[in-house]
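Notes for the structure review
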Amino acid sequence: MEKLVVDGGRPARSEPMPPAYPGGMMLGQEEAEASGAVVLDQSPFRYYGPNMRYAVQQLEDMISAYAEIPYVLGVTSGTAALVVALKALGVGYGDKVIVPANTFLATPGAVVCSQAVPVFADVDDSLNISPESIDKLCEDDEVKAIITVPILGNLCDMDAIQSIAKKWGIPVIEDIAQSCGATYKGSFAGTIGDIGTLSFQMNKVLTAGEGGAVITRDANLFERAVRYHDQGSFREKSRYGIVSDDEENAFVGQNYRMSEVTGGVLVEQWKRLNGILGVMRARYIAIQQTLAAELPGIKFRVEPDSTGYTGSHLGMILPNAAIANQFMEYLYAENIQVYPLYGGKPVFMLPQLLHQRTADVKGSPFAYPFRKPVIYTPDSCPNAVSLMPRTMYLPISPLLTEQDAVEIAAGIIKVYRSLNISEQKG
Ligand SMILES: *Cc1c(COP(=O)(O)O)cnc(C)c1O
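Residues numbered from 1 in each chain as written. Predicted model: local features only at pLDDT ≥ 70, side-chain atom pairs only at ≥ 80, totals over all residues. Heavy atoms only, no water.

Within the chain, the regular secondary structure consists of 15 helices and eleven strands. Relative to the globule expectation of 22 Å for 426 residues, the C-alpha radius of gyration of the chain, 22 Å, shows essentially globular dimensions. Summarising its shape, the C-alpha atoms of the chain cover approximately 75 × 55 × 40 Å along the three principal directions. With 426 residues in all, the chain has 56% of them scored as buried. A sequence separation of at least 24 residues applies to 74% of the contacts in the chain between residues at least 6 apart. As displayed, the chain has an accessible area near 17600 Å², and 51% of this comes from carbon and sulfur atoms. Averaging the positions of the 35 positive and the 47 negative side-chain charges in the chain gives two centres separated by 3 Å. (Helix = DSSP H or I, 4+ residues; strand = E, 2+ residues; numbered from the N terminus. Rg over C-alpha atoms; globule rule 2.2 N^0.38 Å. Buried < 20%, exposed > 50% of the residue type's maximum accessible area, 1.4 Å probe, protein only. Contact = heavy atoms within 4.5 Å. Areas by Shrake-Rupley, 256 points an atom, 1.4 Å probe, with all protein chains shown as cover. Lys, Arg positive; Asp, Glu negative; His and termini not counted. Charge placed at Lys NZ, Arg CZ, Asp CG, Glu CD.)

Take helix H7 (residues 219-229) next. Of all eleven residues in H7, eight are buried, a share of seventy percent or more. Three or more residues of H7 are buried, namely Leu221, Phe222, Glu223, Ala225, Val226, Arg227, Tyr228 and His229. On its buried face, H7 sits against strand S1 (71-75), helix H3 (78-88), strand S8 (195-199), strand S9 (212-216), helix H8 (237-240) and helix H9 (246-249). Following H7 by one or two positions, Gln231 adopts a phi angle in the positive range, close to 55°.

Considering all chains together, one arrives at 20 aromatic pairs under this definition. Ring plane angle 35° and centroid distance 6.4 Å describe the contact between Phe234 and Tyr240, whose orientation is recorded as tilted. Note on accessibility: Phe234 and Tyr240 belong to one class, buried. Considering the side-chain rings of Phe327 and Tyr416, the 6.5 Å spacing of their centres and the 85° angle between planes classify their relative orientation as edge-to-face. One end of the pair, Phe327, is in helix H12 (residues 321-333); the other, Tyr416, is in helix H15 (residues 402-418), with 89 residues separating them in the sequence. Taking the relative accessible area as the measure of exposure, Tyr416 reaches 5% and is therefore buried. An aromatic cluster of three or more residues is present, and its members are Tyr71, Phe222, Phe234 and Tyr240. (Phe/Tyr/Trp six-rings, centres within 6.5 Å; stacked < 30°, edge-to-face > 60°.)

This part is about the side chain of Thr207. Inspection of the secondary structure puts Thr207 in the loop between S8 and S9. Taking relative accessible area as the criterion, Thr207 reaches 0% and is therefore assigned buried. Of the polar contacts made by the side chain of Thr207, one reaches the backbone oxygen of Phe200; its length is 2.8 Å. Among the polar contacts listed, one links the side chain of Thr207 to the backbone oxygen of Gln201, at a separation of 3.0 Å. Among residues more than four places away in sequence, those in contact with Thr207 are Gly23, Gly24, Leu27, Phe200, Gln201, Met202, Val265, Leu266 and Gln269. (Polar contact = N/O pair within 3.5 Å; in protein donor to acceptor, adjacent residues only side chain to side chain.)

Remark: a regular strand shows side chains that alternate across the two faces of the sheet. Extensive coverage of strand S11 (residues 391-395) is indicated by the burial of five of its five residues. The side-chain alternation of S11 yields two buried faces, one formed by Thr391, Tyr393 and Pro395 and the other by Met392 and Leu394.

This part takes up helix H1 (residues 29-40). When the terminal C-alpha atoms of H1 are compared, their 16 Å separation across twelve residues agrees well with the 16 Å that a helix rising 1.5 Å per residue should span. For H1, the set of buried residues is Glu31, Ala34, Ser35, Ala37 and Val38. An end-on view of H1 places all buried positions within 150° of arc, on one side of the element. Across H1 from its buried face, at more than 90 degrees, point the exposed residues Gln29, Glu33, Val39 and Leu40. Packing partners of the buried residues in H1 comprise helix H10 (260-271). A positive phi of about 55° marks Gln42, the residue just after H1. (Expected span 1.5 Å × (residues − 1). Arc of directions from axis to C-beta.)

Strand pairing in a sheet is mediated by backbone hydrogen bonds. Such pairs are either parallel or antiparallel. Here seven strands make up an open sheet; going across it, the order is S1-S9-S8-S5-S4-S2-S3 and the pairing mixed. What marks the edges here is a single partner per strand, and that holds for S1 and strand S3 (117-121). Each neighbouring strand pair of the sheet contributes to a mean axis angle of 25°, computed without reference to strand direction. Here strand S2 (residues 96-100) runs beside S3; their pairing, made up of five bridges, is parallel. For Val99, the partnering residue across the bridge sits in S3 and is Phe120. Sheet contacts for helix H4 (residues 106-113): S2, S3, strand S4 (143-148) and strand S5 (172-175); angle to S3, the most-contacted strand, approximately 150°. Relative to the sheet, H7 contacts S1, S8 and S9, its axis offset from that of S1 by approximately 15°. (Pairing = 2+ DSSP bridges. Axes fitted to C-alpha atoms, helices over the stretch in contact; angles between N-to-C directions.)

Here's what the structure looks like:
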């Protein structure tokens, strides 16, 4: 057996992994020209200017065609997209929203900023929201929406989730911030529930540094999303053939409008999506198949759709947290940077959520007198508590070559065998 680096052996890779920003590492001349042109044309605002290019419109049309969904709205961030989606659904003070325990703070954060309170569903071996846990939480009639989050490109079990949501009559928001381009049974992730939200922040599959989008098939939800994101107005009714009277339908909103500079970058990024996904999926499959063949005991995240993932991260579930940490440490020495997500903890363990602290001095929205009070304790999500600290994610950059995939698999096999992982218990 080959020696580990920690025992004086040669590293599996001579270089660290490339930075894990899929779209970010592809930013180039095209994005620079498209955004620069908007500036040189002195028209960075999406709705008017002296020499409009309508980059945000073009982006919305590209997403609409790609995702096969009629309504797309560019916004300023993934967090803004979530707030807009919640407000489109009419969620607000006195409501509860189901959120998975394993997600980025922005998901429950957007719920709180919408004046509602998140309640946390547990995860299953996909490390995504568990349908059974949703079903249980829906017994509380103060729950008014469900947010699903396919973590790092791996799909949620949408058939099961949709049937539970329909049974209870509760709408589903798909937060696909980490999974742009993933498909579930052939459908673009984000188009299965009532409304989907995308992010174009730096870590995401495609990026303009910041940016987001809301997608839906529902004309009424779309109109409400547009109005919320633009101070209550709806300027492009004729673009969608929607007739709507402002006197009757306007409500107080926000400003979450996407800039044309962002739009210009994202039009060019979107053209790269298939190329990025193609390489990531090929490397993902190559590494996963080699590991599965050489390490019969290895456990991967369950994949509710085993072809639709983005391929941006391969999730490996180790027997316990101590072994997972050793696995990570030894692989770092091999120049293979795997890591757990979110410090290995459910999101509600972060102090701002755990202590239910907001910027509001009167404690809104947590101060609402719910019939069933909301408290956050680890016991409510035992699977997340058990699985999150022992799930290690291998980032898969579109810059990785076939040779990189061979070396990465070899390094993981070396470390896995030397730790005798298949012999160890949880
Ligand atoms: C990144 C992210 C967001 C927020 O996106 P921003 O564009 O950073 O506001 C929301 N949800 C999830 C799951 C994310 O990973």
